[in-house]
Amino acid sequence: ELYAVVPAGGSGTRLWPLSRAGHPKFLHPLTGTDASLLQATVERLAPLADPSRVLIVTGVAHAAAVARQLTELPAENILVEPSPRDSCAAIALAAAVIARRDPEAIMGSFAADHLIAENDRFINVIRQAMTGARQGLLMTLGITPTRPETGYGYVQCGGPVGDGPVLSVEEFKEKPLYDVAESYVKSGNYLWNAGMFVWRVDVFLSELARQQPQLHAGIARIAQAWDSPSREEVLGEVWQTLPRISVDYAVMEGAATVGRVGTVPGDFGWNDVGDFHTLGEVLTADSGGNVVVGSDVLNTPSVLLRETENLVVVPNSGRLVAALGVRDLIIVDTPDAVLVCPRNRAQEVKSLVDELKSKG
Ligand code: GDD
Ligand code: MG
């Protein structure tokens, strides 16, 4: 029995202009099918958690869109936060709500915006992580790193716990500097944290109390009022006082230093779809290496490609997008903005957004 929590916040600025504050990436169908990343996330968990045990935590601005996309979920399973306080508050709220139903429940937290190619393997890894969780560990899923990515967390693997495949984790380091990340990758002893966690809610909440007493106390107050008429009032009052911190910094780093973190290495075609280039790498390309996001490249009326190579095309305006004789480009067409840039500069889209924001 698993409770599956999906914290769905953040706007994914490297996927601008497709992903916007008002329409973040988890609401988009980037999967090559019609399902949004969020819908795909919930569908993929179906073998482990039926809709009554799936909880989404999202901002007030997105709650209606989330409910429309996930009609199978009971309304009370969509937890609405008054403002974004980063992932720790969101995950802690879900843990506290679940603990009211079952204090020893096993809960997984699953990012709303990742792609996973091999679902059976993924489900299997989650089952293995659940065995570590039953033994009192805060479990991570470990991905073999392929580059010194500084936007991820890293776990240093220790020895097997019991008969395996659960490994103990000696260190959890969130978003290291480049040189540090490089040394981790070279050492061969570190895995990427996939950003998905499995634990017993009581174990997580006691680590939260130990490391983030203020956050824990605030969440406890909200949980206490959850089934009372004062829920909204208490939520509105307390939420804005909660520290803005991600669960990785708030709980995972410190839990690893006292030996309470484990990992299961998993190779299930994980991709966090951080930017258009990495998105292009996971979707099926045509014979020229071109990828059309959100539709089938061979059978889409809204894109016309001739003698192109290695393009990532996102037709999102209803207009026809045509390209001739170009290569290695990202082309994103949305109703009010068009982006064209080389594939190898996909990371820098974030700085465009920063510039736009600073201009108001
Ligand atoms: N409800 C809610 N509110 N959800 C949030 C908020 C918030 O304020 N902020 C973030 N989230 C959700 C995101 O939607 C996502 O599902 C999850 O929490 C993780 O947040 P990200 O902002 O995407 O984190 P990250 O990508 O920088 O880092 C995490 O993921 C990496 C892998 O992709 C970390 O766990 C890293 O260690 C990990 O390597
Ligand atoms: Mg992320």
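No experiment lies behind these values; they were computed from the predicted model shown.

Visitor: Any chance you could explain unusual backbone geometry here in plain terms?
Guide: Note: most peptide bonds trans; most residues except glycine with negative phi. At the junction of Trp 16 and Pro 17, the peptide bond is cis and its omega measures out at 5 degrees in the coordinates. Within the secondary structure layout, Pro 17 lies in the loop between β1 (3-8) and α1 (37-44). One non-glycine residue, Val 273, lies in the positive phi region at around 45 degrees. Its identity as a non-glycine residue notwithstanding, Glu 307 has a phi of 50 degrees, on the positive side. Here Glu 307 is to be found in the loop between β13 (303-306) and β14 (312-315).

Visitor: Looking at this structure, how should I read the packing of helix α3 (residues 86-101) against helix α7 (residues 213-224)?
Guide: How two helices pack is summed up by the angle between their axes together with the distance between the axes. For the pair α3 and α7, interaxial distance at closest approach is 9 Å and the crossing angle is 45 degrees. What the angle tells us is that α3 and α7 run oblique. Of the two possible hands of crossing, α3 and α7 adopt the one that is right-handed. Where α3 abuts α7, its residues Cys 88, Ala 89, Ala 92, Leu 93, Ala 96 and Arg 100 lie against Leu 215, Ile 219, Ile 222, Ala 223 and Gln 224. Here the residues of the contact of α3 with α7 are counted per class, giving nine nonpolar, one polar and one charged.

Visitor: So what exactly am I meant to see when it comes to the packing of aromatic side chains here?
Guide: Where two aromatic rings form a pair, the distance of their centres and the angle of their planes describe that pair. The final tally for this structure, using the stated rule, is nine aromatic pairs. Between Phe 197 and Trp 199 the ring centres are 5.5 Å apart and the planes differ by 15 degrees, which places this aromatic pair in the stacked class. Neither Phe 197 nor Trp 199 differs from the other in exposure class; each is buried. An aromatic cluster of at least three residues, connected via ring pairs, comprises Phe 110, Phe 122 and Phe 268. Cation over ring: Arg 231 sits above Trp 226, and NZ or CZ is 3.8 Å from the ring centre.

Visitor: Before we go on, may I ask you to explain the sheet that holds strand β17 (residues 337-342) in this structure?
Guide: Sheet strands pair by backbone hydrogen bonding; their relative direction is either parallel or antiparallel. Ordered in space as β12-β14-β16-β17, the four strands form an open sheet in which the pairing is mixed. In this open sheet, the two edge strands, each paired with only one partner strand, are β12 (291-292) and β17. Direction of pairing for strand β16 (residues 329-334) relative to β17: antiparallel, over a ladder of six bridges. Directly across from Asp 333, in β17, lies its bridge partner Val 338.

Thresholds applied
- Residues numbered from 1 in each chain as written.
- Chains lettered and ligands numbered in written order.
- Predicted model: local features only at pLDDT ≥ 70, side-chain atom pairs only at ≥ 80, totals over all residues.
- Heavy atoms only, no water.
- Helix = DSSP H or I, 4+ residues; strand = E, 2+ residues; numbered from the N terminus.
- Axes fitted to C-alpha atoms, helices over the stretch in contact; angles between N-to-C directions.
- Parallel < 35°, antiparallel > 145°, perpendicular 65-115°, else oblique.
- Left-handed = near helix turned anticlockwise from the far one by under 90°.
- Contact = heavy atoms within 4.5 Å.
- Nonpolar A, V, L, I, M, F, W, Y, C, P; charged D, E, K, R; others polar.
- Phe/Tyr/Trp six-rings, centres within 6.5 Å; stacked < 30°, edge-to-face > 60°.
- Buried < 20%, exposed > 50% of the residue type's maximum accessible area, 1.4 Å probe, protein only.
- Lys NZ or Arg CZ within 6 Å of the ring centre and 35° of its normal.
- Pairing = 2+ DSSP bridges.

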